[in-house]
Amino acid sequence: MNHEDYYKGYSLGFLFSADLKYIVLIRKARPAFQKGKLNGVGGKIEPGESHVSAMIREFREETGHEHRDWSYLRSFKVPNTFVHVFYGVGDIDKCKAPTDENVWKIPVSKVLKTPWRKITISAESVRIASLNPCSRIKDEDLNGFEIDLLYGVSVLVQECLDVLKNHKCTSV
């Protein structure tokens, strides 16, 4: 992979509530290897777009919320590309689900306790309704519902929290 490939790839973000107790995650509909799993919000960096501009755009497209204060955590290589990870703190209650993917407000404690397993949804988790007609489930029916967490998400969430709690933030 050459130097130019580093500037392509994907931006991935984790938005925390002000008290750092909740995080916004999205239940992916695509690509196939992520389908049905919870992940941070993000997507492909468009030609000529910076990593942070892609993060702002993708977050707005997937949650309807224009969160602009992202801090860079790190980048990592996956086959044929890079993923650039960001974190932020903001009003997660402004998030909605304008696409066919469900957006969730999940207790951070649940994410950290389930590194590569299922998250069991309880009253503390809030599903933000999506446009997907298959997701028209009553919230009370979600108690005990299980969702897979995408491999590695809990590790990235822990890294974000470590930085936030140590006040080593680097806004971009």
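Provided above is the structure to which this section pertains.
This report concerns the structure included in the present document.

**Some thoughts on helix α4 (residues 153–165)**
Every α-helical turn comprises 3.6 residues, leaving residues that sit three or four positions apart pointing alike. Between its first and last C-alpha, α4 extends 18 Å over 13 residues, near the 18 Å set by a 1.5 Å rise per residue. Inspection of α4 places Val153, Ser154, Leu156, Val157, Cys160, Leu161, Val163 and Leu164 among the buried residues, and these make up the whole buried set.

**Overview of the pattern of salt bridges**
Charged atoms that come close allow side chains of opposite charge to pair. Enumeration over the complete set of coordinates arrives at eight salt bridges. Among the salt bridges present, the one from arginine 57 reaches glutamate 49, with a minimum N-O distance of 2.7 Å. There is no split in this pair, since arginine 57 and glutamate 49 are both buried. Among the salt bridges present, the one from arginine 74 reaches glutamate 159, with a minimum N-O distance of 2.7 Å. One end of the pair, arginine 74, is in strand β5 (residues 71–78); the other, glutamate 159, is in helix α4, with 85 residues separating them in the sequence. Looking at arginine 74, the relative accessible area reads 29%, which means it is partly exposed. Through salt bridges with shared partners, a single ionic network connects Glu46, Glu49, Arg57, Glu58 and Glu61.

The rules behind these values
- Residues numbered from 1 in each chain as written.
- Predicted model: local features only at pLDDT ≥ 70, side-chain atom pairs only at ≥ 80, totals over all residues.
- Heavy atoms only, no water.
- Helix = DSSP H or I, 4+ residues; strand = E, 2+ residues; numbered from the N terminus.
- Expected span 1.5 Å × (residues − 1).
- Buried < 20%, exposed > 50% of the residue type's maximum accessible area, 1.4 Å probe, protein only.
- Salt bridge = Lys/Arg side-chain N within 4 Å of Asp/Glu carboxyl O.

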